[in-house]
Each structure stands twice: as C-alpha cells, then as structure tokens.
Amino acid sequence: MSACVPTRNDHSSRNSRPSHASGLKRPHGPPPPPRRGRFRVSGADLSASITVFLIAVPMSLGLAVAMDAPLAAGLVSAAIGGIVAGLLGGTPLQVSGPSAGLTVVTAELIQIYGWRTTCAITIGAGLLQILLGSLRAARSALAVSPAIVHGTLAGIGVAIALAQLHIVLGGAPQSSALDNALSLPTHLAQFELSAPLIGALTIVLLVVWPRLPGRVGASLSRIPAALAAVGVATAVAAVATPGIARVDLPSWRSHALPELPQGPVAALATAVFTVMLVASLESLLAAVSVDKLAADRSTASPKDGSTPPAPVKRSDLDRELRAQGIANALSGLAGGLAVSGGAVRSSANVRAGAESRASTVLHGVWVLLAAVLLVTALEWIPLAALAALVMVVGIQMVSFAHIRKVHRHREFLVYGATISGVLLAGVLEGVAIGIVVAVAVALHRLARTRITVTEQDGRYLVAARGQLTFLAVPRLSRLLGRLPHGVDAVVELDGFFMDHAAYETIQDWYAAQTAMGGRIEFTGRSGGRIAEPASAAHSCCRPWTPWRNHHCHDRVHDAAPTTSLAPTEAAPEAAPTDGTGSARPRHGGHRLLSGLSSFQRTTAPLVREELARLAAEGQRPSQLFLTCADSRLVTSMITASGPGDLFTVRNVGNLVPPPDTGNETSNDDSVAAAIEYAVDVLEVESITICGHSGCGAMQALLGAEPETPRTSLWRWLRHGLPSLERMRSRHHSWARIAGRLPTDAVEQLCLTNVVQQLEHLRAHESVARRLAEGTLQLHGMYFHVGEAQAYLLTEGASSGTGPDEVFARVAPGAEWGAEPGDEALHAAPGTTVVA
C-alpha cells in the first residue's frame with residue numbers, strides 16, 4: 001500500500017504550512033508545488049551545452065553546404081532552435097537546429113524559388129506547426145506507420161549521402177538523388193586527390209574516434225567526434241592542401257532576409273505542407289527517442305557509484321510542436337534554415353549528462369557567440385570535411401535496427417516503397433506512395449483467407465485461416481457446396497473477424513446440413529469447441545478472466561508466481577523469499593493499484609447495478625464457505641460465484657476451533673462469531689469447509705518439534721492438532737481421494753483436517769440445532785491447486801474399523817447431492833455426499 005499513498009519528507013512539511021492570514025489549517029494536505037525560480041544552470045548542464053555546441057557548429061555549417069544555402073543560415077537556425085525551442089519546448093533535453101531530414105527538400109526549394117522565398121516558406125511551415133500544436137494534433141502525427149516514417153528518413157539519408165559524396169570528390173551535387181547516382185561514375189573517373197583525402201580522413205576519424213582504446217582513448221573520447229574530425233581535417237588541410245575549398249561566411253550586412261513568396265499558390269502550399277510534415281515528424285520522433293534515452297539513463301546505475309540523474313518529465317508533444325513552429329517562424333524571419341529536433345544532437349545532450357533545458361538554451365547562446373566572434377576560425381574549415389560529416393549523418397539515418405523491425409512485422413514492402421518514392425519522386429511523393437502501399441498491404445491481409453477441406457475416416461475438416469469477409473464468400477460457398485449432404489464435419493475458424501455475408505453463408509450451409517442429418521461442430525484453431533454465438537459468450541460472467549490476464553502479465557516481470565505459506569516446490573533462485581521459502585510478491589503496490597484501476601475501468605460498469613441492488617436489499621448468501629487464507633485459492637473462481645453468493649471465512653489452515661477449548665484467554669472467537677452470524681442471522685443453507693493441496697499450515701504441523709516456540713501462529717495452529725492425532729490414530733481409516741491413497745503425508749493431513757474440522761463445526765450449538773432441524777447441510781471439499789480439480793467428501797461402507805472417508809472428483813455439470821450414477825461425482829458405488 002505504501003507505493004500507492006503519496007508521502008512527504010520532513011523538510012517539505014515545514015515549508016508547506018499555510019499562512020496565518022489565510023485562517024486555514026491543512027496538517028495532512030500535500031505540500032504546494034515549488035515556486036518557479038530564476039533560470040538555474042547546473043554544472044552538468046554547462047558541460048553538456050559545450051559538448052552539444054561543439055557538435056552543432058560543424059553540423060550546421062555542413063547542412064547549409066548540403067542545401068546550397070548561405071552558411072550563416074545554418075548558424076542562425078542552430079541559435080534560434082537552441083534558444084527558442086529550448087525555452088518553449090515540451091521536451092527539455094531535445095536539441096533543435098537545422099533539419100537533416102529537410103536537406104533534400106530545402107535544396108530543391110532553393111533551386112526553384114530562391115533563398116528568400118524559401119525563408120518565407122519556412123515561416124509558413126512554422127505558423128502551420130503552431131496551429132496544429134494548438135489543435136493538439138501532435139499525437140496524430142505519430143499515427144503514421146513507422147515503416148513510412150523510417151522509410152522517409154532513410155530515403156532522405158540516402159539522398160543526402162549521394163549529394164555530399166560529390167562534394168567530397170571535389171565536384172558539385174545535382175538537383176535530385178537520381179541525377180546524383182547517375183553522374184557519380186563521371187566524378188569517380190576524374191577528381192583531384194585533395195578533397196577526397198580530407199573527406200576520407202574526416203570519415204575515418206568520425207568512425208574511429210569513439211573507439212580509441214586505453215586510457216588515452218577514454219580521455220580523447222570526451223571530445224565530440226564531430227569536432228575532433230573537423231578540427232584534425234582543418235589542421236591537415238591547412239598544412240597539406242592550402243588551396244582546398246573552404247567555408248566562406250559572408251558579412252552579416254549582406255545577410256538575406258525573406259521576401260513575399262512568388263509562384264503558383266498550389267505549389268507554394270505544397271512546399272509549406274512538405275516542410276511542416278517532415279520537420280514535425282522528425283521533431284516528434286526525436287522527442288520520443290529522447291524520452292526513452294532519459295528514462296534509461298535515470299534507471300541505470302552509474303559506474304562510478306554516484307547518484308543517477310533525476311527522471312525527466314515525459315514530453316508534452318503538443319507543446320513541443322508549438323515551440324518548433326515558433327522557432328521555424330523566427331528562423332525564417334531571420335534568414336535561417338528550417339528547424340527541427342535532431343536525434344544526433346539530442347542523444348549527445350542526454351549522454352553528456354544534461355539535467356534540464358538550460359543545456360539546450362546555452363548551446364544556442366554559444367552558437368550565437370561563435371557566429372559573431374569566431375568567423376575567422378570557421379572560415380579555415382574545408383568544405384570536404386563538412387560534406388563528409390553530413391554524409392555520415394545521412395548514412396546513419398538508414399538504421400538497420402529499423403529495417404529489422406519492419407522486416408519482423410512484415411512491412412518491408414512499405415519501407416522499400418517509401419524509400420524508392422523519396423529517391424525517385426520526392427519527399428512528399430514518397431510519403432504518399434508509402435501510404436498507398438501500406439493501405440494496399442492492409443487490404444490484402446484482410447482479404448487473404450485460406451480455406452481448406454480435408455477428409456479422414458469419413459469426417460471432414462473445413463479450416464478457414466484469416467478474416468472471413470464478403471471477398472472470401474465465393475470461395476467459401478464453393479468449397480462448402482462440394483461436401484456431401486448430411487456430412488459429419490468440423491469447421492475450424494482461425495480469425496478474429498467475420499462479416500455478415502460470411503456469417504449468412506456458413507449459417508445457411510449449417511442449417512441445410514443439420515436438416516439432412518449432418519453433424520457440424522465449430523471450433524477455434526486450438527480445437528476448443530464453440531458452443532454458442534460470440535455475443536452470448538461475451539455476455540456471460542467470466543470472473544477468472546481478470547485474474548488470468550493479471551497473472552500472465554506478472555509472469556513477464558517476475559521470475560516465479562507468488563506462493564503460499566510453505567510451497568510444495570522450491571522457488572527459483574532469482575525470486576526473493578520471505579524466510580519460509582516462499583517467493584515474495586514484487587511490486588505489490590503497483591499490482592494493487594493496477595488491479596483497482598482495471599476493475600474501475602472494465603468490471604465496475606458491469607456490476608454497478610447489481611451491487612447497488614445488493615446494497616439496498618442487504619446480503620442474503622446461501623452458503624458459508626470456510627477455507628484457507630492461501631493466496632492461490634480464489635473462491636469466486638473455483639465456485640463460479642459472484643457478489644452476494646458466499647459468506648466467506650478465511651484463516652490459516654481452514655481451522656474451526658471447537659467451542660470448548662477451555663482457556664478463554666487463548667481462545668479465538670472470530671471464527672465462532674462468523675459461524676453464529678451466518679447460521680442464526682443470515683440463515684445460510686449450507687456450510688462448506690475447503691482444504692487444499694500443499695497447505696503450509698499442515699506442513700508446519702507435520703514438522704513441529706516439541707520445543708516449538710509458542711508464537712501467535714503456533715497458538716492458532718494448535719486447533720489443527722486433533723487432525724494430526726486423527727491421522728496417526730489406528731481407530732480411523734485413512735482418507736482416500738478419487739479411489740486412491742494420498743500421495744504423501746501432507747496430502748493425507750490436508751484431507752483428514754477437512755474431516756476433523758467438520759466434527760468441530762458440528763459441536764457448535766447453532767450448527768447442531770440447525771442440523772437437528774434438517775435445515776442445514778455440511779460439506780467437505782478438497783481443492784488440488786496443481787490439477788485445478790475439486791473433490792467432495794463422501795462416506796462409504798468399508799470392511800475396516802470405521803467408515804471410509806472418500807473425496808470424490810467433481811466432474812463438469814456436478815450438483816450438490818448428485819448420485820454417483822449421474823456422473824456428477826467419480827467415486828466408488830454406493831457413496832453419497834456428506835450432509
């Protein structure tokens with residue numbers, strides 16, 4: 001329960017006192033939320049901001065080169081993305097800047113409309129993002145098939161790599177990915193060595209730098225690989241190839257600002273929508289990835305033994321989309337590139353130890369200062385080094401992990417179609433192609449139904465695999481029509497959907513066959529018989545279903561299920577124990593809260609009316625059910641009962657203290673009070689004492705030593721000593737279970753204990769009176785947990801010293817008082833239920 005109840009620390013309680021002027025006293029209320037103070041920067045945020053800044057500067061310049069945009073525009077978008085999106089965004093640790101996913105789109109827009117109109121398009125895309133974020137449409141964007149999203153990003157990555165390869169070779173990229181691929185052999189045939197060597201050096205350093213061995217490698221790896229690669233390439237180029245093409249940052253006085261867009265309205269609207277779509281998807285996917293990285297970091301144990309970072313609040317995607325829109329609008333106004341959240345920069349920010357949005361904002365401030373103060377240093381960077389850096393980023397956008405996922409989910413066709421569409425037609429066209437292919441694949445799966453008919457020993461098996469829709473009706477009716485009249489057949493339906501047309505076809509065939517003497521049986525794939533329509537099956541009460549789902553869910557997280565006081569099997573080594581050998585339940589508070597939430601969501605609406613009736617009329621149970629407190633005994637499940645049916649008493653060992661224990665100070669009246677209340681006040685018609693297999697109380701009795709400490713548990717278990725004496729006595733026959741002897745002493749004592757506690761029950765005055773009147777019945781019951789099988793106590797004649805105590809197996813359809821010949825109980829002839 002502690003996991004479900006909010007707690008407060010001592011220092012918070014002192015700070016949460018209400019003022020005297022308010023006149024209110026809230027000694028038990030939660031403390032108020034902390035006041036928002038000034039913008040605070042921790043040492044971790046400062047360090048992480050420098051790391052991200054060193055990655056962002058070369059990447060921003062490289063993306064500007066890849067888009068054929070003014071180089072200063074990359075720095076402008078990085079500064080605005082860091083400061084504006086960092087302050088206003090819903091993902092504190094996400095770093096925004098020039099969008100790698102928009103490289104191909106922006107390059108095409110600049111070629112068609114020019115730079116100033118492209119800035120205006122960026123402004124329009126930002127305003128559209130603000131509108132969609134205000135309409136809370138961010139989650140809807142993530143509803144697009146992951147195969148389409150990752151296929152789009154992979155296609156853009158391939159296009160980026162092809163374009164930047166031309167710059168690495170010392171040439172200029174073409175206008176489309178297809179042209180870049182076709183012209184690549186020409187550039188490979190004729191190129192100068194300076195640019196390719198600098199590009200190759202940059203790529204090698206990017207790959208090798210994070211993997212340098214030894215202490216020296218560990219120290220050097222703290223420097224971002226992007227900064228190290230570009231820095232070393234710049235130094236080598238300055239010495240070896242002074243005439244190589246370098247970064248040329250124009251004066252800020254000549255910086256181009258947006259103008260009113262000129263061109264066809266439909267084309268401009270399409271461009272705005274494309275920029276908005278790609279930038280939004282890239283940002284939202286990056287935000288989800290940042291959430292996962294931050295969660296993994298907060299749950300991981302630091303290697304140095306320090307305290308792990310505090311968990312970061314989950315992203316507000318609508319707020320993030322609005323912030324990205326504001327950043328794009330401002331970036332376009334300032335003559336910058338389109339902005340989006342970047343997976344590379346964001347993951348570096350998280351891994352560098354950032355704790356808040358201060359790291360993102362500071363990184364933008366450092367970029368802004370570098371754009372003003374470090375112009376001379378930036379102009380030493382070779383274009384080939386920046387192109388190699390962006391080419392590696394493009395290659396990394398083709399994730400093999402994503403390819404394995406889409407292949408495992410049989411969506412590689414959608415993924416491949418999207419990539420091909422992006423490379424051959426464009427980003428928006430590629431997304432449209434991916435959506436069309438995804439819809440076609442879904443329709444194909446829906447319409448694909450395999451229907452087979454096989455015969456064995458004169459009996460037919462009709463197997464339908466897939467969804468039965470009107471598209472499958474012609475083939476279904478043709479195959480069913482080939483079967484002879486009055487056939488003996490099994491129809492196996494393996495699918496989760498059947499429309500009206502398919503249902504009528506099967507129903508008409510079924511009616512015709514049964515009218516001619518046929519025997520038709522419907523089953524599912526596992527062979528279980530379908531005895532009633534689905535609607536009727538769902539309308540019945542299935543009290544075990546939440547328990548079954550709950551148990552299967554827990555089995556995923558826990559090494560072993562929870563066991564009773566003393567289990568019959570040893571718990572796995574990984575399962576913690578409570579000292580008695582039984583596995584402790586883990587996450588108890590979470591499990592309880594989850595179960596209560598599930599009840600309120602699914603079961604409460606169904607039983608609320610019935611419980612309201614019981615609350616108004618009072619309880620009128622027909623049975624008193626006295627059983628063990630073992631957690632594996634779910635009384636409502638094994639008796640198929642519901643609210644108001646059973647008056648249940650549970651204790652350790654299902655014991656009934658006799659009324660004449662002698663010592664009142666040690667006597668326990670709780671069970672006697674429950675019996676008296678059930679018999680005299682509720683006037684129940686029957687009382688059942690239920691034991692079970694593997695009872696921990698019986699094991700404790702068998703293993704008790706004469707000097708056992710007289711604890712509370714032992715003082716209670718002394719009421720089971722008569723059962724132990726009865727089992728060891730020669731004057732009583734051993735109990736049998738379904739015609740066999742018990743498997744061991746524990747099972748024998750569990751069976752004998754039920755018989756002995758029935759005798760204790762008869763000794764209670766109220767029970768004896770009702771038995772004499774003939775208005776009360778007593779029943780003994782044994783439940784074998786491992787077999788999920790119930791057994792009822794019977795009595796039969798024997799040639800021994802007394803009547804045999806036989807527990808007969810309860811078969812499906814059994815009723816109280818059923819005779820053995822009715823197949824309700826599988827016991828020896830002549831047995832009757834004890835009453």
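A quick note: this is a predicted structure, and the numbers were derived from the prediction, not measured.

(A) Quick look at the overall build of the protein chain. Looking only at helices and strands, the protein chain has 32 helices and 15 strands in total. When each of the 835 residues of the protein chain is scored for burial, the buried share is 43%. Contacts in the protein chain between residues at least 24 apart in sequence constitute 73% of all its contacts with a sequence separation of at least 6.

(B) The packing of aromatic side chains, seen in detail. In the structure shown here, the tally under the stated rule is five aromatic pairs. Ring geometry for Phe647 and Tyr677: centres 5.9 Å apart, planes at 35 degrees, overall tilted. With Phe647 in strand S8 (residues 646-651) and Tyr677 in helix H27 (residues 670-681), this pair connects stretches of sequence that are 30 residues apart. Looking at Phe647, the relative accessible area reads 16%, which means it is buried. Linked through ring pairs, Tyr782, Tyr791 and Phe807 together constitute an aromatic cluster.

(C) Layout of a positive patch on the surface. A cluster of basic side chains, namely Arg410, Arg445, Arg448 and Arg450, defines a positive patch on the protein surface. Tracing the backbone shows Arg448 in the loop between helix H20 (427-447) and strand S3 (450-456).

(D) Looking closely at the environment of Leu476. When you line up the elements, Leu476 lands in helix H21 (residues 473-481). Separated by 12 residues in sequence, Leu476 and Ala464 have C-alpha atoms that sit 8.6 Å apart. Ignoring any residue separated from it by four or fewer positions in sequence, one finds Leu476 in contact with Ile451, Ala502, Thr505 and Ile506.

(E) Molecular detail of the state of the cysteines. One pass over the structure, following the stated rule, counts zero disulfides. Note on Cys690: no disulfide assigned, nearest cysteine sulfur contributed by Cys628 at a separation of 9.1 Å. We classify Cys690 as buried; its relative accessible area is 0%. For the unlinked cysteine Cys695, the closest cysteine sulfur is that of Cys628, found at 4.2 Å. Assessed through its relative accessible area of 3%, Cys695 is described here as buried.

(F) Focus on empty space enclosed by the protein. Across all of its chains, the model carries five cavities of 30 Å³ or more by this definition. Roughly 50 Å³ of volume is contained in the largest cavity. Forming the boundary of the largest cavity are Val149, Thr152, Leu153, Leu277, Val278, Leu281 and Val431. Broken down by secondary-structure element, the contributors of at least two residues to the lining of the largest cavity are helix H7 (146-168) and helix H12 (265-299). Each residue belonging to the lining of the largest cavity can be placed in one class, and the counts come to six nonpolar, one polar and no charged.

(G) Up close: the packing of helix H2 (residues 43-67) against helix H3 (residues 71-88). It is at 8 Å that the axes of H2 and H3 come closest, and there the two elements cross at 130 degrees. Between H2 and H3, the angle is such that the two are oblique. Considering only the axes of H2 and H3, their crossing is right-handed. For the pair H2 and H3, contact is made by Ser60, Leu61, Ala64 and Val65 and by Leu71, Gly74, Leu75 and Ala78, respectively.

(H) Here's a closer look at helix H4 (residues 103-113). Listed in full, the buried residues belonging to H4 are Thr103, Val105, Thr106, Leu109, Ile110 and Tyr113. Along the axis of H4, the buried positions cluster into a sector of 165 degrees, meaning they face one direction only. Exposed and oriented more than 90 degrees from the buried face of H4 are Gln111 and Ile112. Positive phi appears at Gly114, one or two residues downstream of H4, with a value of about 90 degrees.

(I) Structural context of the environment of Leu178. Locating Leu178 in the fold gives a position in helix H8 (residues 177-189). Assessed through its relative accessible area of 40%, Leu178 is described here as partly exposed. Counting along the chain gives 247 residues from Leu178 to Ala425, while the straight-line C-alpha distance between them is 9.1 Å. Leave out the neighbours within four places in its chain, and Leu178 touches Leu423 and Leu424.

(J) Focus on the nonpolar core. Counting 81 residues, the largest nonpolar core has Leu61, Ile121, Val275 and Val367 as the members making the most contacts within it. For this core, the element with the highest residue contribution is H2, accounting for 11 residues. Not counting residues within four places of it along the chain, the set of residues in contact with Leu61 comprises Leu71, Leu75, Leu249, Leu378, Ile381 and Leu386.

(K) Region of the structure containing the pattern of salt bridges. In the structure shown here, the tally under the stated rule is 10 salt bridges. With a closest N to O distance of 4.0 Å, Arg116 and Glu259 form a salt bridge. Of the two residues, Arg116 sits in helix H5 (residues 115-134) while Glu259 sits in the loop between helix H11 (225-240) and H12, which places them 143 residues apart along the sequence. With a shortest N-O distance of 2.5 Å, Glu610 and Arg613 are connected by a salt bridge. Placement of the pair is Glu610 and Arg613 together in helix H25 (residues 588-617), with a separation of three residues, close to one helical turn. For Arg613, a relative accessible area of 35% gives the class partly exposed.

The rules behind the values
Residues numbered from 1 in each chain as written. Predicted model: local features only at pLDDT ≥ 70, side-chain atom pairs only at ≥ 80, totals over all residues. Heavy atoms only, no water. Helix = DSSP H or I, 4+ residues; strand = E, 2+ residues; numbered from the N terminus. Buried < 20%, exposed > 50% of the residue type's maximum accessible area, 1.4 Å probe, protein only. Contact = heavy atoms within 4.5 Å. Phe/Tyr/Trp six-rings, centres within 6.5 Å; stacked < 30°, edge-to-face > 60°. Patch = residues over 30% accessible without salt bridge, like charges linked within 9 Å, V, L, I, M, F, W, Y side chains within 5 Å. Areas by Shrake-Rupley, 256 points an atom, 1.4 Å probe, with all protein chains shown as cover. Salt bridge = Lys/Arg side-chain N within 4 Å of Asp/Glu carboxyl O. Lys, Arg positive; Asp, Glu negative; His and termini not counted. Charge placed at Lys NZ, Arg CZ, Asp CG, Glu CD. Disulfide = S-S within 2.5 Å. 1 Å grid on protein atoms, 1.4 Å probe; cavity = no way out; pocket = protein on both sides within 12 Å on 5 of 7 lines; lining within 4 Å. Points joined across faces, edges and corners; volume = space filled by probe spheres on them. Nonpolar A, V, L, I, M, F, W, Y, C, P; charged D, E, K, R; others polar. Axes fitted to C-alpha atoms, helices over the stretch in contact; angles between N-to-C directions. Parallel < 35°, antiparallel > 145°, perpendicular 65-115°, else oblique. Left-handed = near helix turned anticlockwise from the far one by under 90°. Arc of directions from axis to C-beta. Core = buried A, V, L, I, M, F, W, Y, C linked by side-chain atoms within 4.5 Å.

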